Amino acid sequence: MEPTLTGLRFARLLLTGAAGGLGRVLRPRLKAICGTLRVSDIAELGAAAAGEELVRMDLADKAGVLALLQGVDAVVHLGGVSTEHAFETILPANIVGTYHVYEGARQAGTRRIVFASSNHVTGFYRQSETITPQVLPRPDTYYGLSKAFGENLAQFYFDRHGIETVSLRIGSSFPAPRGRRGLSSYLSYDDLERLVVAALTAPVVGHTVIYGVSANRSLWWDNRPASHLGFTPRDSSEPWRAELEAAQPHIDHTDPVSIYQGGPFVTMGPF
Ligand code: NAI
Ligand code: 15L
């Protein structure tokens, strides 16, 4: 059965990247399932709501992240650079920063992390293919590579230290699907919440990888290997299909942006 918020309580949850697009969506929703929500970002976080702790800091600051994890039961780790940039920009935030989160969890005894990975770990699979979370990574960017590293880090910290992770290869999570690619990659905010709650509360996850996608009609991702999470998406990109197809009536099937699942990411850079 899909988890519900009723009766779920964590003493203290940590949400990184809380000032970002998805962080702002999840912040009030996660507060509903914990006693204290510690929210963190390098950017301005606004005022603390009741039951919130605000920590403004850079994930590249090791001592700061180790302190950030103290007293935390579980983490939703969204913080980092969220699109393609120069490797030198991605390295401290996504690679070093995610290492700091895992090392902080190990030292603090935190047992579970929900890691915001990305579909760009497998962006060089074709849109004509259906893949599962078990395929070999084919990153489309330095950004996708950094998320592949995060997934490997998660596997290592589970095998070595027993810290459980659900790596969410999020598709495209915005208020509405963007472009024709979004008809396949769209994840609604309500389905994102369902996915994060399932990832936090499934009894045993080890290191599970799952695509974050709604129940769209045209899908590239088959999540059956992660069915033990009990995530059942309820929304779909279908209500936007007519509008998006009218806005982009022709698809150039020789354009890499239309050939590969990563879409525009496969031609971004170098920076
Ligand atoms: P976003 O860019 O709006 O939010 C990321 C947040 O991380 C920002 O508030 C930013 O200030 C913070 N951040 C960046 N560098 C930092 C650092 N060095 N230290 C501390 N905080 C730092 O991105 P969004 O859309 O909210 O995505 C959240 C997470 O989900 C990201 O990790 C992203 O890669 C991932 N994701 C999002 C998708 C989407 O469709 N929105 C799709 C796939 C993955
Ligand atoms: C991502 O990983 C990005 O964080 C997000 O901004 C979108 O570009 C998304 O992928 C996507 O593939 O649409």
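Thresholds applied
- Residues numbered from 1 in each chain as written.
- Chains lettered and ligands numbered in written order.
- Predicted model: local features only at pLDDT ≥ 70, side-chain atom pairs only at ≥ 80, totals over all residues.
- Heavy atoms only, no water.
- Near = heavy atom within 4 Å.
- Polar contact = N/O pair within 3.5 Å; in protein donor to acceptor, adjacent residues only side chain to side chain.
- Areas by Shrake-Rupley, 256 points an atom, 1.4 Å probe, with all protein chains shown as cover.
- Nonpolar A, V, L, I, M, F, W, Y, C, P; charged D, E, K, R; others polar.
- Pairing = 2+ DSSP bridges.
- Helix = DSSP H or I, 4+ residues; strand = E, 2+ residues; numbered from the N terminus.
- Axes fitted to C-alpha atoms, helices over the stretch in contact; angles between N-to-C directions.
- Contact = heavy atoms within 4.5 Å.
- Expected span 1.5 Å × (residues − 1).
- Buried < 20%, exposed > 50% of the residue type's maximum accessible area, 1.4 Å probe, protein only.
- pLDDT = per-residue confidence, 0-100.
- Parallel < 35°, antiparallel > 145°, perpendicular 65-115°, else oblique.
- Left-handed = near helix turned anticlockwise from the far one by under 90°.

Participant: Which residues make up the site of ligand 2, and what are the values?
Facilitator: Close to ligand 2 lie Ser82, Thr83, Ser118, Asn119, His120, Tyr143, Gly171, Ser172, Phe174, Arg181 and Phe265, which account for all nearby residues. A distance of 3.1 Å is found between an oxygen atom of ligand 2 and a side-chain nitrogen or oxygen belonging to Asn119. Side-chain polar atom of Tyr143 to an oxygen atom of ligand 2: 2.6 Å apart, as the coordinates give it. Taking 320 Å² as the accessible area of ligand 2 by itself, protein coverage stands at 79%. Of the residues assigned to the shell around ligand 2, the class counts are three nonpolar, seven polar and one charged.

Participant: Give me the lowdown on the sheet that holds strand β7 (residues 207-212), citing residues and values where you can.
Facilitator: Ordered by their spatial adjacency, seven strands build an open sheet running β3-β2-β1-β4-β5-β6-β7, and the pairing between neighbours is parallel. Only two strands of the sheet have a single neighbouring strand rather than two, namely β3 (52-56) and β7. Strand-to-strand twist across the sheet, computed as the mean angle between neighbouring axes with direction ignored, equals 20°. Bridge count between strand β2 (residues 34-41) and β3: five bridges; the pairing is parallel. The residue bridging Leu37 from the neighbouring strand is Glu52, located in β3. Here helix α6 (residues 189-201) sits on the sheet in contact with β1 (10-16), β4 (74-77), β5 (112-118), β6 (164-170) and β7, set at roughly 140° to β5.

Participant: Account for the site of ligand 1, with residues named and values stated.
Facilitator: The immediate surroundings of ligand 1 are formed by 26 residues, with Asp41, Leu78, Ser82, Tyr143 and Ser173 found nearest. Leu22 places a main-chain nitrogen or oxygen 2.8 Å from an oxygen atom of ligand 1. Asp41 has a polar side-chain atom sitting 2.6 Å from an oxygen atom of ligand 1. When ligand 1 is considered free in solution it has 820 Å² of accessible area, and contact with the protein chains removes 85% of it. Looking at the shell around ligand 1, the elements with two or more residues in it are α1 (21-31), β5 and α4 (142-161). At three residues, β5 tops the list of elements feeding residues into the shell around ligand 1.

Participant: Describe α4, with residues and values.
Facilitator: In this model α4 runs 27 Å from its N-terminal to its C-terminal C-alpha over 20 residues, within 8% of the 28 Å that 1.5 Å per residue would give. For α4, every residue scored as buried is listed here: Tyr143, Gly144, Ser146, Lys147, Ala148, Gly150, Glu151, Leu153, Ala154 and Tyr157. Once α4 ends, the next one or two residues include Gly162, with phi positive near 75°.

Participant: Just give me the short version of the confidence of the model for the protein chain, but keep the residues and values in it.
Facilitator: For the protein chain, the average pLDDT comes to 96, and 97% of its residues sit at 70 or higher. Taken as a whole, residues 1-6 scores under 50 in pLDDT and shows 11 contacts with residues more than four places along the chain or in a different chain.

Participant: Which residues make up the packing of α1 against α6, and what are the values?
Facilitator: Two elements in contact, α1 and α6, have axes separated by 11 Å at closest approach and are oriented at 60°. Regarding the angle of α1 to α6, the classification is oblique. Where α1 crosses over α6, the two elements pack in a sense that is right-handed. Across the interface between the two elements, Leu22, Val25, Leu26, Arg29 and Leu30 of α1 pack against Tyr189, Asp190, Leu192, Glu193, Val196 and Leu200 of α6. Of the residues assigned to the contact of α1 with α6, the class counts are eight nonpolar, no polar and three charged.

Participant: Any details on the packing of helix α3 (residues 87-108) against α4? Residues and values, ideally.
Facilitator: Running from amino to carboxyl end, α3 crosses α4 at an angle of 15°, the nearest separation of the two axes being 10 Å. Between α3 and α4, the crossing angle belongs to the class labelled roughly parallel. Classified by chirality, the crossing of α4 by α3 is right-handed. Judged by residue contacts, Phe87, Ile90, Asn94, Ile95, Thr98, Tyr99, Tyr102, Glu103 and Arg106 of α3 engage Tyr142, Tyr143, Ser146, Lys147, Phe149, Gly150, Leu153, Ala154, Tyr157 and His161 from α4. Its residues assigned to classes, the contact of α3 with α4 shows 11 nonpolar, five polar and three charged.

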